[in-house]
Amino acid sequence: MKIAIIGAGNIGTAMAALICNSGAEVTVVARGARLQAIAEGGLALDDRGTRHDARPKATEALSEVQDAVFLCVKSQQLGAALDTNRAGIGPETLVIPMVNGLPFWFFLPDARPVPHTDPEGILARLLRPEQVLGAVLLMTVSMDETGVALSTNTPTLSLAPVAPGADGAKVDALIESLNAGGVVTDLSDDIRAKVLVKLMANVTTNPLSALVGCTLEEIGQRDDLCALAFAVADEFRAWAKADLGRDLPPNPWLRELLLDAGPFATSMLQDARAGRTLELDAIARAAMTLAEDQGQPMRCLAAIVHALDIATTLPLDGTACAAALSDLTSLTSLERTPS
Ligand SMILES: NC(=O)C1=CN([C@@H]2O[C@H](COP(=O)(O)OP(=O)(O)OC[C@H]3O[C@@H](n4cnc5c(N)ncnc54)[C@H](OP(=O)(O)O)[C@@H]3O)[C@@H](O)[C@H]2O)C=CC1
Ligand SMILES: CC(C)(CO)C(=O)C(=O)O
């Protein structure tokens, strides 16, 4: 199989290093110094002490049609990444956006749009719903200063066509390649349920972690942070039930997950520390807007997003952090006090 990975950050590097083990012909799309480094020295993943070194092809843009293309960029970068690589994506190419957040395809094949996820309409224009595979990746990856991806758990991936009419044989062949490379992959019969559970974990932790500079474990351990995460979870769960008829796991499940995750800096905290754009549109604003449209605004999440929007540096330092936490905590206690 010809498999391309667009984006050679945390997830793209980890995926490329593993898929190269499978015998597939792998091409990585990167840019700038990262492209040069991969072209010259390959790339590597260190999975809890086991190292996977790989020498995929490296290019600035795809020029040959692929069997499958993994989009390993941030959600707000999907449109531009697709556009630049149009030559590698034919009508039969499977396209797998490996992003967190509420995905642009969530309501397909219905026409209902997911706000904030395809602002320029590029994804809708360039992709046929039948060629898109929804993906939920459970993996924690960061990168060391030499460009080696570091992961702390076995990558587990769920995939599923987002609309009827997908090429089932090609999907099966892709799943076989992924498993052969060491990405534990299944074909999900309810990918949207998995998206919502993963998003509940991200929406409750990523923005908060970027604001106050805490790891997942710290959110689980500190009562003040955990209360805020739970307040967002309550809002998100209420929207998912009212709008989508979906039940999501309860708060004790969330706390267990956070404590089990250990001292991991979320991808949004990594972005905050590096001064990069935060992935708030897909992870927070999409669901916030849908909930607002339903007359059920997510006030606590909106307050965290507002605090991120007005911050001059992120994560917040000592005094600013204490003030923001005090404001947020008073908001959640007001919400929980019956009038
Ligand atoms: N890290 C994690 O543990 C997890 C992350 N995720 C999700 O996975 C997705 C990817 O995250 P992550 O890997 O951490 O993000 P990174 O920011 O580490 O990687 C994104 C990479 O894509 C590159 N890129 C962006 N646009 C293009 C383009 N047009 N052409 C080529 N390269 C491009 C960026 O390059 P440049 O630096 O040049 O901009 C960067 O190297 C996100 O949605 C994230 O939320 C999901 C599960 C876990
Ligand atoms: C690994 C995990 C679940 C941590 O929140 C994540 O998806 C992220 O960092 O974006």
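Here the structure is a predicted model, which is why all the values come from computation and not from measurement. (Residues numbered from 1 in each chain as written. Chains lettered and ligands numbered in written order. Predicted model: local features only at pLDDT ≥ 70, side-chain atom pairs only at ≥ 80, totals over all residues. Heavy atoms only, no water.)

J.: So what exactly am I meant to see when it comes to the site of ligand 2 here?
T.: Close contacts around ligand 2 come from Asn100, Met139, Thr140, Lys198, Asn202, Thr205, Asn206, Leu216, Phe264, Thr266 and Ser267, and that covers them all. Here Lys198 contributes a side-chain N or O atom positioned 3.0 Å from an oxygen atom of ligand 2. Ser267 is positioned such that a nitrogen or oxygen atom in its side chain is 2.5 Å from an oxygen atom of ligand 2. Expressed as a share of its isolated accessible area of 280 Å², the protein-covered part of ligand 2 is 88%. Among the elements that take part in the shell around ligand 2, helix α6 (residues 191-212) stands out by supplying 4 residues, more than any other. Classifying every residue of the shell around ligand 2 gives 3 nonpolar, 7 polar and 1 charged. Of the residues that make up the shell around ligand 2, three or more belong to each of domain 1 (2-189) and domain 2 (193-336). (Near = heavy atom within 4 Å. Polar contact = N/O pair within 3.5 Å; in protein donor to acceptor, adjacent residues only side chain to side chain. Areas by Shrake-Rupley, 256 points an atom, 1.4 Å probe, with all protein chains shown as cover. Helix = DSSP H or I, 4+ residues; strand = E, 2+ residues; numbered from the N terminus. Nonpolar A, V, L, I, M, F, W, Y, C, P; charged D, E, K, R; others polar. Domains from an automatic or database assignment.)

J.: Hey, could you run me through the pairing of strand β4 (residues 50-54) in this one?
T.: Looking along a regular strand, one sees side chains alternate from face to face of the sheet. Relative to β4, strand β3 (residues 43-47) is paired through 5 bridges, and the arrangement is antiparallel. Within β4, the residue paired with Asp46 across the bridge is Arg51. Taken together, β3 and the strand that follows it, β4, pair antiparallel across an intervening segment of 2 residues, in which Arg48 is found at a positive phi of about 50°. (Pairing = 2+ DSSP bridges.)

J.: Would you mind showing me how to read the sheet that holds β4 here?
T.: Across a sheet, paired strands are connected by hydrogen bonds in the backbone, their directions being either parallel or antiparallel. The sheet built from 4 strands is open, its strands ordered β4-β3-β10-β9 with mixed pairing. Edge strands, defined here as strands with exactly one partner in the open sheet, are β4 and β9 (141-143). Strand after strand, the sheet turns through a mean of 20° between neighbouring axes, direction not considered. For β9 and strand β10 (residues 149-151), the ladder comprises 3 bridges, and the chain directions are antiparallel. Across the sheet, Ser142 pairs through a bridge with Leu150, a residue of β10. (Axes fitted to C-alpha atoms, helices over the stretch in contact; angles between N-to-C directions.)

J.: Before we go on, may I ask you to explain the nonpolar core in this structure?
T.: Grouped burial of nonpolar side chains is what soluble globular proteins tend to show. Counting 77 residues, the largest nonpolar core has Leu102, Leu211, Phe236 and Trp239 as its most contacted members. If you tally residues by element for this core, the top one is helix α8 (residues 223-244), at 11 residues. For this core, the two domains that each supply at least three residues are domain 1 (2-189) and domain 2 (193-336). Ignoring sequence-local partners within four residues, the contact set of Trp239 consists of Leu102, Leu196, Leu244, Ala287, Leu290, Ala291, Gln294, Gln296 and Met298. Within the second largest apolar cluster, 37 residues are counted, among which are Leu43, Met139, Leu174 and Leu178. (Core = buried A, V, L, I, M, F, W, Y, C linked by side-chain atoms within 4.5 Å. Buried < 20%, exposed > 50% of the residue type's maximum accessible area, 1.4 Å probe, protein only. Contact = heavy atoms within 4.5 Å.)

J.: What should I look at first to understand the UniProt feature "domain: Ketopantoate reductase C-terminal" (unreviewed entry) in the protein chain in this one?
T.: Per the UniProt entry, the sites bearing "domain: Ketopantoate reductase C-terminal" (unreviewed entry) are residues 190-308 in this numbering. Taken end to end, residues 190-308 comprises 78% helix and 0% strand; its first and last C-alpha atoms sit 33 Å apart. (UniProt positions renumbered as here; feature names shortened; annotations may be inferred.)

J.: Please clarify how the sheet that holds strand β11 (residues 156-161) should be interpreted in this entry.
T.: Spatially, 3 strands are ordered β8-β11-β12 in an open sheet, and the strand pairing comes out mixed. The sheet is open, and its two edges are formed by β8 (133-138) and β12 (184-187), each paired on a single side. Shown here is a sheet whose adjacent strand axes are inclined to one another by a mean of 20°, direction ignored. Relative to β12, β11 runs parallel, the two sharing 4 bridges. Within β12, the position partnered with Thr156 by the bridge is Val184. Contacts between helix α5 (residues 168-181) and the sheet are confined to β8, β11 and β12, with β12 contributing the most and set at about 160° to the helix.

J.: Can you walk me through the site of ligand 1 in this structure?
T.: Residues in contact with ligand 1 amount to 22 residues; listed here are only the nearest, Asn10, Ile11, Asn100, Val141 and Glu279. Between ligand 1 and Val141 there is a distance of 2.8 Å, counted from an oxygen atom to a backbone nitrogen or oxygen. For ligand 1, the accessible surface in isolation is 900 Å², of which the surrounding protein chains cover 85%. Residue composition of the shell around ligand 1, by class: 11 nonpolar, 7 polar and 4 charged. Each of domain 1 (2-189) and domain 2 (193-336) contributes no fewer than three residues to the shell around ligand 1.

J.: Honestly, the domain arrangement of the protein chain in this entry has me stumped. Any pointers?
T.: Split into domains, the protein chain comes out as domain 1 (2-189) and domain 2 (193-336). The C-alpha-based centres of domain 1 and domain 2 are spaced at 26 Å. With 26 residues of domain 1 in contact, the opposing surface of domain 2 contributes 25 residues. For the pairing of domain 1 and domain 2, the buried interface totals around 2100 Å² over both sides, and the portion due to carbon and sulfur atoms is 62%. Per-residue buried area on domain 1 facing domain 2 is highest for Asn100, Leu102 and His116; these three make up 28% of the total on that side. Counting across the domain 1 and domain 2 interface gives 3 salt bridges. Residue Lys74 pairs with Asp271 through a salt bridge whose shortest N-O separation is 2.9 Å. (Buried area = accessible area lost by both parts, 1.4 Å probe. Salt bridge = Lys/Arg side-chain N within 4 Å of Asp/Glu carboxyl O.)

J.: Would you take a moment to explain the environment of Pro315 for this structure?
T.: For Pro315, the location among the structural elements is in the loop between α12 (299-310) and α13 (318-336). The contact partners of Pro315, leaving out residues within four places of it in the chain, are Ala210, Leu211, Val212, Gly213, Leu269, Ala272 and Arg273.

J.: I tried to follow the environment of Gln66 on my own but got confused; where do I start?
T.: One can find Gln66 in the loop between β5 (57-59) and β6 (68-71). Of the residues examined, Gln66 reaches a relative accessible area of 5% and is grouped as buried. Sequence separation between Gln66 and Val184 is 118 residues, and the spatial gap between their C-alpha atoms is 22 Å. Setting aside residues no more than four positions away along its own chain, Gln66 makes contact with Lys2, Ile3, Ala4, Thr27, Gly88 and Thr93.

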